Amino acid sequence: MARSLTNDSTRYGIVAITLHWLIALAVIGLYIVGSIMEDMKPSLQQFELYQLHKSFGITVLLLTVVRLVWRIANPQPGLPPGMPAWQRLAAKGTHWGFYTLLLAAPLAGWAMVSASSLNIPTVIFGVFTLPHIEAIASSTNKQALEGWFGDAHELAANGLLALFIAHVGAAFYHHIKLRDSVLLKMLPVSEAAFQERLENEKRTSS
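Since we're looking at a predicted model, the values are computed, not measured.

Caption draft 1: Inspection of the overall build of the chain at higher detail. Assigned secondary structure in the chain consists of six helices and two strands. For the chain, the sequential pattern of α-helices and β-strands runs α-α-α-β-β-α-α-α. Taken along its principal axes, the extent of the C-alpha atoms in the chain is 65 × 35 × 30 Å. Burial status across the chain gives 34% buried among its 206 residues. Counted over contacts in the chain with a minimum sequence separation of 6, partners at least 24 positions apart contribute 67%. In the form shown here, the chain has an accessible surface area of approximately 12,100 Å², with 70% of it arising from carbon and sulfur atoms. Averaging the coordinates of the 15 positive side-chain charges in the chain and doing the same for the 13 negative ones gives two points 10 Å apart.

Written out as structure tokens, the structure reads:
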């Protein structure tokens, strides 16, 4: 049975799954590239990496907005019936923490670039120039703003890394130890494999 584009009460649809993994891969790449380019000496290669980093950062921002709109428009699959209340609360907090930081990190980066005295344009994938945030670019306190937004950008990025590690650990704990459907909800596995996990959930929670 083919997966639906939309979510249902037990499982995410193709659109949510695609957005989830696109954002995840982009964030991993951004963190790796960001770590590399900061350690490089000024060069054309470093400049190109910065432009690529900014391009993918804005892409993550846009994909996150789409993901939020899609989440609001679609019902969210239910959690395993036997999951303790604190785990449900932690799962909800982690998801909204991700959304907050996925918006905050690129916005802080955009603001930092807008405040920079270097005034280097952001060219998205070499196609068009993203304008600076005018209120920040025209501020008389740009140096302080650049430092503040730079710290915010780094804090948000490190927060995303911490949430990512916790999220992956929890997903594998559910999949390997508890053998429930949590991880499979976000994977394009067959309906038979998914239903097998749902049946296991029912047996363990009854």
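Okay, back to it.
Caption draft 2: Region of interest: the side chain of Ser116. Relative to the helices and strands, Ser116 is located in the loop between α3 (85-115) and β1 (122-124). For Ser116, a relative accessible area of 10% translates into the label buried. For Ser116, the side chain forms a polar contact with the main-chain nitrogen of Leu118, separated by 3.1 Å. Excluding residues that lie within four positions of it along the chain, Ser116 makes contacts with Lys142 and Glu146.

Caption draft 3: Just the packing of helix α1 (residues 14-38) against helix α2 (residues 44-73), in detail. Where α1 contacts α2, the two axes come as close as 9 Å, and the packing angle between them is 155 degrees. Looking at the two axes, α1 sits roughly antiparallel to α2. Regarding α1 and α2, the two cross each other, and that crossing is left-handed.

Caption draft 4: Representation of the packing of aromatic side chains. Going through the model one piece at a time under the given rule, you end up with three aromatic pairs. Judged by centre distance (5.0 Å) and plane angle (85 degrees), the rings of Trp148 and Phe149 are edge-to-face. A cation sits over an aromatic face here: Arg11 above Phe194, 4.7 Å from the ring centre.

Caption draft 5: Here's a closer look at unusual backbone geometry. Even without glycine at this site, Phe125 takes up a positive phi of about 50 degrees. Note on Phe125: relative accessible area 43%, which makes it partly exposed.

Caption draft 6: Spatial organisation of the nonpolar core. Ranked by size, the top nonpolar core spans 12 residues in total: Leu19, Ile23, Ala26, Leu30, Val60, Leu63, Phe98, Leu101, Leu102, Ala105, Ala156 and Leu160. Among the secondary structure elements, those contributing two or more residues to this core are α1, α2, α3 and α5 (142-178). With residues near it in sequence (within four places) discarded, Leu160 still touches Val27, Phe98, Leu101, Leu102 and Ala105.

Caption draft 7: Molecular detail of the environment of Ile120. Structurally, Ile120 is set in the loop between α3 and β1. Residue Ile120 is classed as partly exposed on the basis of its relative accessible area of 32%. Ile120 has contacts with Phe47, Gln51, Lys54, Val113 and His132, leaving out every residue within four places of it along the chain.

Scoring rules and cut-offs
Residues numbered from 1 in each chain as written. Predicted model: local features only at pLDDT ≥ 70, side-chain atom pairs only at ≥ 80, totals over all residues. Heavy atoms only, no water. Helix = DSSP H or I, 4+ residues; strand = E, 2+ residues; numbered from the N terminus. Buried < 20%, exposed > 50% of the residue type's maximum accessible area, 1.4 Å probe, protein only. Contact = heavy atoms within 4.5 Å. Areas by Shrake-Rupley, 256 points an atom, 1.4 Å probe, with all protein chains shown as cover. Lys, Arg positive; Asp, Glu negative; His and termini not counted. Charge placed at Lys NZ, Arg CZ, Asp CG, Glu CD. Polar contact = N/O pair within 3.5 Å; in protein donor to acceptor, adjacent residues only side chain to side chain. Axes fitted to C-alpha atoms, helices over the stretch in contact; angles between N-to-C directions. Parallel < 35°, antiparallel > 145°, perpendicular 65-115°, else oblique. Left-handed = near helix turned anticlockwise from the far one by under 90°. Phe/Tyr/Trp six-rings, centres within 6.5 Å; stacked < 30°, edge-to-face > 60°. Lys NZ or Arg CZ within 6 Å of the ring centre and 35° of its normal. Core = buried A, V, L, I, M, F, W, Y, C linked by side-chain atoms within 4.5 Å.

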